[in-house]
Amino acid sequence: MPAMSAEYDVAVVGAGAAGVAAARRLSQGGLNSVLLEASARVGGRAWTQRLAGQPLDLGCGWLHSAERNAWVRIAGETGVAVDRRPAAWGPQYQDRGFSAAERRAADRAYSAWSGRLETAPPASDCAADALEPGSEWNPYIEAISGYLNGAALREISVADSLAYEDAATDANWRAPAGYGALIAGRLPAGIDLHLAAPVERIALAGGKVTLTTPLGEIRAAAAIVTVSTNVLASGAIALPRELDPWRSAAADLPLGRNEKLFFELSAPDAFAPESHVLGNPRSAAAGSYTIRPFGRPVVEGFFGGAGAEIIAEAGPVAGFAHATEELAALFGAEARRLLKPLAASAWARDALVGGGYSHALPGRRAARAQLARGFDDRVFFAGEATHPFDFSTAHGAHDTGVRAADEALAALTRRRP
Ligand SMILES: Cc1cc2nc3c(=O)[nH]c(=O)nc-3n(C[C@H](O)[C@H](O)[C@H](O)COP(=O)(O)OP(=O)(O)OC[C@H]3O[C@@H](n4cnc5c(N)ncnc54)[C@H](O)[C@@H]3O)c2cc1C
């Protein structure tokens, strides 16, 4: 930990994708910066864990909008492999539990709903108000919204979700060695990184910023705050009064619920590699299961909204029970014997994150731009929620880190005699 008197050009708060990207940019700009991370590791919601001999991503896994995703470029520059095969989310393995005719009907209902968002958006800006009342596929649309936004449609701003949809591309790639490993491994050499160093207070004095941690105080000419919106809104970091509008913007952009769980397969050959099933297509809590990704002996379950709520609220045992029920309904009772619970995420219960990813509440889309503003050439904000359209992603977080670092560099240049 730096001494009490430590002085820096820029202090970056949080070493997730945004913090790592900011640190890279600041070091290219020749600034003396420090990266303060509350947890014991780098990566935040990007986290590759080696389990059952496999690198598995508990957080981000897909390199979305891959043609313009900065982490794809960085992987290329540093010799990290990227798998460019298309995602297997659409098909249902052997039509189990979800026939081709049902899938067509569900897709039609989804397209009709998303078409209404585009052509006749509800005055309320609330995505639930574009649902057809009583439609049998509304739970399916809710489940998809859960994957995309982490929350029920009644909590989603139409304008905000359209900004993402209109900008995203169809290219979704993967890093076989893990997206989390890719991000955590890209800190610039020589960066002053401090783990287990939670920032408790940010204060403004004498034209500088003072950051209080349990181990000492740090002074910097500027700070870049990258913590999640739930952390910012929770008050876990004491901020000066002047930053109240940023805290309320964060509250308008809460994190939804997104969790993952992994089963190890005791007889992997009983399952087809790189296949996919949606759990119960008539339930908003349906899991999206990738069977044997990269041929590995695991099943990866992804949950959003109501499904993630089960894992987040009732805990991993209830989450594995829910997933086992869904998979046994599709693959037969024998599946229960073959599926061994391996790991589950707990993003909502992690006080340093507090959920999945951000969504704007109805009528609150403008909060993203409000949160992204700098304050007094001294405090800058980054993190996925501050991106105007690539929010909720690791590449969006990256780009906000670069943007905030450029703002800090420009501010320090302006302020220097
Ligand atoms: C289950 C799940 C699946 C996902 N899947 C994908 C995907 O496939 N593709 C994709 O692109 N994105 C995905 N995401 C989203 C993506 O992971 C995030 O958008 C991105 O990683 C956020 O990065 P960030 O830097 O903005 O925030 P964070 O990763 O939250 O980083 C903030 C950091 O600040 C630290 N911190 C908190 N409080 C303090 C404090 N007081 N002092 C110092 N440090 C502090 C935290 O520990 C954390 O490390 C997924 C997320 C989840 C949860």
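Starting afresh in each chain, residues are numbered from 1 along the sequence in its written order. At least 70 in pLDDT is required for a residue's local features to be given in this predicted model, at least 80 for side-chain atom pairs to be given and counted, and no such filter applies to totals for whole chains, interfaces and linings, which use all residues.

## What about helix H4 (residues 138–149)?
Selection criterion: Going along the chain from the N terminus, every DSSP run of H or I of four or more residues is numbered as a helix, and every run of E of two or more is numbered as a strand. Given the number of residues in a helix, its expected span is that number minus one, multiplied by 1.5 Å. Buried means a residue has 20 or more other C-beta atoms within 10 Å of its own C-beta, exposed means 12 or fewer, and partly exposed covers the counts in between; C-beta atoms are placed from the backbone. Note on contacts: each residue gets a C-beta atom placed from the backbone, and two residues are in contact if those atoms are within 7 Å.
Given a rise of 1.5 Å per residue, 12 residues ought to cover 16 Å, and the 16 Å separating the end C-alpha atoms of H4 matches this to within 8%. The element H4 is largely enclosed, with a buried count of 10 among its 12 residues. Considered for burial, the residues of H4 that qualify are Tyr 140, Ile 141, Glu 142, Ala 143, Ile 144, Ser 145, Gly 146, Tyr 147, Leu 148 and Asn 149. Close packing links the buried residues of H4 with helix H3 (100–119), helix H5 (158–167), strand S13 (288–291), strand S14 (298–304) and helix H9 (306–314). A positive phi of about 80° marks Gly 150, the residue just after H4.

## Some thoughts on the domain arrangement of the chain
Here is the rule: The source of the domain bounds is an automatic or database domain assignment. Classes in brief: Ala, Val, Leu, Ile, Met, Phe, Trp, Tyr, Cys and Pro nonpolar; Asp, Glu, Lys and Arg charged; the others, Gly included, polar.
Here the chain is partitioned into domain 1 (7–45 + 65–81 + 178–254 + 360–415) and domain 2 (93–170 + 257–344). For domain 1 versus domain 2, the distance between C-alpha centres works out to 31 Å. Counting residues at the interface gives 13 residues for domain 1 and 12 residues for domain 2. Classifying every residue of the side of domain 1 that touches domain 2 by side-chain character gives 6 nonpolar, 3 polar and 4 charged.

## Some thoughts on the environment of Ser 33
Locating Ser 33 in the fold gives a position in strand S2 (residues 33–36). Separated by 160 residues in sequence, Ser 33 and Leu 193 place their C-alpha atoms 9.0 Å apart.

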